[in-house]
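Inside the fold
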Amino acid sequence: MKRRAFIFTLDGVLSIILAVIIITSIVTIETQSQTVYSTYAMTSNKYLAEDTLALLKNTPLNELVPPQVISNWISEGVLNTTFVSPRMPPLTIVATYWSLEARYPQLHLRNKAGEILGFILNTTLKNYNYELIITSNSTQNYNFENPYIIKKGSDYNLAKNVVPATLVISGYRYNQTPRGYMARAYLSKLKAKETTYTYMGDYIATMNDGTGPIKITYIIPTSQFPVDAKITGVEWFLEPAYVDSHYRIAINGKDVTCVRGDTNGWFLVENNKKITDTSGDNPNVCNLVEETQSSVDKDEDALFTAWVDNSQQSGEDGAQHIIINYTTSQASTFTYPHKFYLADVYANDSIYIEKYVFAPGNISDIRIHLEGSNIAKVMAQFRIFNKLSNVIKLSNIGNGVFVADNATIAEAIKSTGYNYKDISGTFFTIMFDVIRESRYNPLHLDGFNSYVYVDYTPFVYSSLYSIDISNVITDYSPQTDGFSRDITWKWNIPEEAKPVYVKFQFPWLYYTGQTCEQKVEILNDDEKTWTTLYYAPDYNNFIYAFARWGYTVDTRDYKGDPVKNALHPGLNEFHLEFGNCYSVQPSNTLSEVLYLLDAYAPYGNIKPKLMQGYPKIKAYNLTYKYKIGNEIHESSIVIGESSAVTAGEYMNITAEQLDPSQYAVDDAILRLFEKLGGDGWNRPILVALSGTKIDFASLRGVPSSISPIMITLRIWGENG
């Protein structure tokens, strides 16, 4: 059979989602015979070649290659960050390296581009042979006999059935006139960013009456806060499992000084109590800020301890939380959690815990690891919406360690009628019965080593240049300090932002003997229609302990149906409606939305000049506007090297005076501002950059004459 060739020019025709879907499905196709090559397989290979090129053209490198490989490439110079960024698609990196080879031959940039592409192609085309040809020639007399990359062991001359695909991308041809400039801009650091850390507690209580106080310690990971974190406020919300409970509280082993108790430090909490410390200047009044700051400075975790005593059941109800506000110069302070730790608990009885877990990504693995002393056994049950799973018994592997593996948990969740996909990006609950072994000794659950591990692929990726913004939602109606049966929360997300998640934690009341109903709705995608995430018309369907709700960009409702754009840029609304038996307290609900801004603007189009006043001017002192809440402010930042300011080689300029049509640096600054939510003047950006230096890197002498680069990928089966 003769070799056949099909040339197909791609220029953004296929969306990346379609490309990934087709590649995933077609890569599994294998040739069933070495002598017969079906029309279907030929067509599939054609699509595979085309879509592989589309993938390389449209998808950022850091979404195709593991972070450790990226890090190694940067340290080894394979990724030269003077010219390119991991956020660029591979073929953009190739085009840049290809065009710079003549200017910087000592860097061997084309060889480095080949190393990058070879790694990706070997991963993507595991079951195929391939050759990649790159040529840059204005006459388009392309030489197909000198491949750029060849898979090891491939021999094109022996292949019987080859399907190529070709695309053309822009390249920069050197030794041509006129010449110009390109620039990129990024934030090197922040002088200060205010952010929030929130800790949502679980339901933790003794299982029997009158066994005395339970000691619960919430371990706050302040050792993971930025080293320059400055604590500006701490809020500690207490909610007993049973009303009229007596409390003692301490932080880092010291009594909290802003609550008054009896001579032994005990005080009464009827329903709930909020303790707030915002100054930190007078620890004699309240030492929450002081002690939290001390933990950060010592690189230690902060320990918030509550002793709770009630003649019914001693414990906390699941709406207790801790909010820590702090400032830092570190732009990215968010990391995806995978270990969801339990609190550290001492009790004179067996204990019951409802652990609430929220993983903002596609879940692939769940495991449980509990440690402690004087524990006889641990039973667990999963609640997915209002469905309960089969009960599982954790395996006692010795030394007070109890575990459940992924297979056991997956089977338990399957018994509810749901699966891992259904609970990805939503809250689910694990109910633990931790049974005391000896009544003569206290039970201890070790919170430093007890956790639920969830492996998942995040729905939204953060990067080295991501600025995470965490806001507590305060716009809700009705504005009441009491409990309500009909509540709506509203919040806005900037158009340029990437939403990550929104989470709610509710103080709740349940009234027996009343008509029941529960409804959860969202106003998604800026449409004026509500999407129902959960509906229970009567007692047999509703969630008894309605303590949490959360969702991501894409989520699923209680029927398992996908809901797209549940969280999105623009106006978002979340609505709860209950019958007479249920209500929640909006004023003490902890509601948090997290989104990411991008603080990197890559090289843009070629401009005739570098910056205004260059070469005499080498830096800007730029005045810009930013918006925090509803207030607009002005501030200034240095663009370029501070040494130029010291030498007087700078210009005072406002964001309004930037000219992106003529100046590469001006263009880069405005493209960066767009990613931060505005233009810095008529549309203020959404973060304060006071004192921040914006670095720019320029490519001087880039010609404005552009010559195309043709990239051809030829693939064939491993058997020819």
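These notes cover the structure that comes with them. (Residues numbered from 1 in each chain as written. Predicted model: local features only at pLDDT ≥ 70, side-chain atom pairs only at ≥ 80, totals over all residues. Heavy atoms only, no water.)

1. A word on the packing of aromatic side chains
Just so we agree on the cut-off: By convention, a stacked pair of Phe, Tyr or Trp rings (six-membered ring in the case of Trp) has centres within 6.5 Å and planes under 30 degrees apart, an edge-to-face pair has planes over 60 apart, and any other such pair is tilted. Only DSSP runs of H or I with at least four residues qualify as helices, and only runs of E with at least two residues qualify as strands; both kinds are numbered from the N terminus onward. Here's how the labels work: a residue is buried when its accessible area is under 20% of the maximum for its type, exposed when over 50%, partly exposed in between, all with a 1.4 Å probe on protein chains only.
Within the structure shown, the criterion is met by 40 aromatic pairs. Ring geometry for Y203 and Y352: centres 5.8 Å apart, planes at 65°, overall edge-to-face. Taken together, the residues span a long stretch of sequence, with Y203 in strand β7 (residues 203-206) and Y352 in strand β19 (residues 351-358) at a distance of 149 residues. Considering the side-chain rings of F542 and Y582, the 5.9 Å spacing of their centres and the 70° angle between planes classify their relative orientation as edge-to-face. Highlighted residues: F542 in the loop between β35 (531-536) and β36 (548-551) and Y582 in strand β40 (residues 582-584), separated in sequence by 40 residues. Here F542 matches Y582 in class, with each residue buried.

2. Notes on a nonpolar patch on the surface
Rules: A residue counts toward a patch only above 30% relative accessible area and without a salt bridge, and it is joined to like-charged neighbours within 9 Å or, for Val, Leu, Ile, Met, Phe, Trp and Tyr, to nonpolar neighbours within 5 Å. Methods summary: accessible areas were calculated by the Shrake-Rupley approach with a probe of 1.4 Å, and residue burial reflects only the protein chains presented. Salt bridges are defined as contacts in which a side-chain nitrogen from Lys or Arg sits within 4 Å of a carboxyl oxygen from Asp or Glu.
A surface patch of nonpolar side chains, about 220 Å² in accessible area, is lined by F483, L509 and Y511. Take L509: it is sitting in strand β33 (residues 508-510).

3. Some remarks on the side chain of D317
For clarity, the threshold we go by: Positive charges come from Lys and Arg alone, negative charges from Asp and Glu alone, with His and the N- and C-terminal ends not counted. Between two residues, a contact is recorded if the distance between any of their heavy atoms is within 4.5 Å.
With respect to the secondary-structure elements, D317 resides in strand β15 (residues 315-317). For D317, which is buried and forms no salt bridge, the nearest opposite charge comes from R548, at a distance of 9.2 Å. When near neighbours in sequence (up to four residues on either side) are disregarded, D317 contacts Y203, E239, P240, A241 and W508.

4. Structural notes on helix α4 (residues 90-100)
In terms of burial, α4 is a largely internal element, 10 of the 11 residues being buried. Listing the buried residues of α4 in full gives P90, L91, I93, V94, A95, T96, Y97, W98, S99 and L100.

5. Side note on the sheet that holds strand β30 (residues 476-477)
The following threshold applies: A pair of strands counts as paired when DSSP detects no fewer than two bridges linking them.
Taken together, 5 strands build an open sheet; the order of strands is β30-β31-β39-β34-β35 and the sheet is antiparallel. Here the strands that pair on one side only, and so sit at the sheet edges, are β30 and β35. One ladder, built from 6 bridges, connects strand β34 (residues 518-523) with strand β39 (residues 570-578); its direction is antiparallel. In the strand pairing of β39, V520 is matched with L576.

6. Some words on the packing of α4 against helix α5 (residues 109-124)
This is how it is decided: All axes here are fitted lines through C-alpha atoms, helices being fitted over the stretch that makes contact, and every angle between N-to-C directions spans 0 to 180 degrees. If an angle is under 35 degrees, it is roughly parallel; if it is over 145, roughly antiparallel; if it lies from 65 to 115, roughly perpendicular; otherwise it is oblique. Should the near helix be turned counterclockwise from the far one by less than a right angle, the crossing is left-handed, whereas a clockwise turn marks it as right-handed. Nonpolar residues are Ala, Val, Leu, Ile, Met, Phe, Trp, Tyr, Cys and Pro. Charged residues are Asp, Glu, Lys and Arg, and all others, Gly as well, are polar.
Between α4 and α5, whose axes approach to 8 Å, the crossing angle comes to 165°. With respect to α5, the axis of α4 lies roughly antiparallel. Between α4 and α5 lies a crossing of left-handed hand. Here α4 contributes P90, L91, I93, V94, Y97, W98 and L100 to the contact with α5, which in turn contributes L109, R110, K112, A113, I116, L117 and I120. By residue class, the composition of the contact of α4 with α5 is 12 nonpolar, no polar and 2 charged.

7. Describing the sheet that holds strand β6 (residues 193-200)
In spatial order, the strands read β6-β16-β9-β13; together these 4 strands make up an open sheet with antiparallel pairing. The two strands at the open ends of the sheet, each matched to only one other strand, are β6 and β13 (273-277). For this sheet, the mean angle separating the axes of adjacent strands, direction not counted, is 15°. Inspection of the sheet shows β6 paired to strand β16 (residues 321-328) by 8 bridges, in the antiparallel sense. By the bridge assignment for β16, Y197 is matched with I324. Against the sheet, helix α6 (residues 288-297) contacts β9 (230-238), β13 and β16, and its axis sits at roughly 120° relative to β9.

8. Here's the deal with the side chain of Q505
We count it as follows: As used in this structure description, the phrase polar contact means that two N or O atoms lie within 3.5 Å; if the pair is within protein, one of them must be able to donate a hydrogen and the other to accept it, and residues adjacent in sequence are counted only when both atoms belong to side chains.
Position of Q505 relative to the elements: it lies in strand β32 (residues 498-505). Within the local environment of Q505, its side chain forms a polar contact with the side chain of H321, the two groups lying 3.0 Å apart. Excluding residues that lie within four positions of it along the chain, Q505 makes contacts with M200, G201, G318, A319, Q320, H321, A547, R548, N588, T589 and L590.

Any link to function would need more than the numbers given here.
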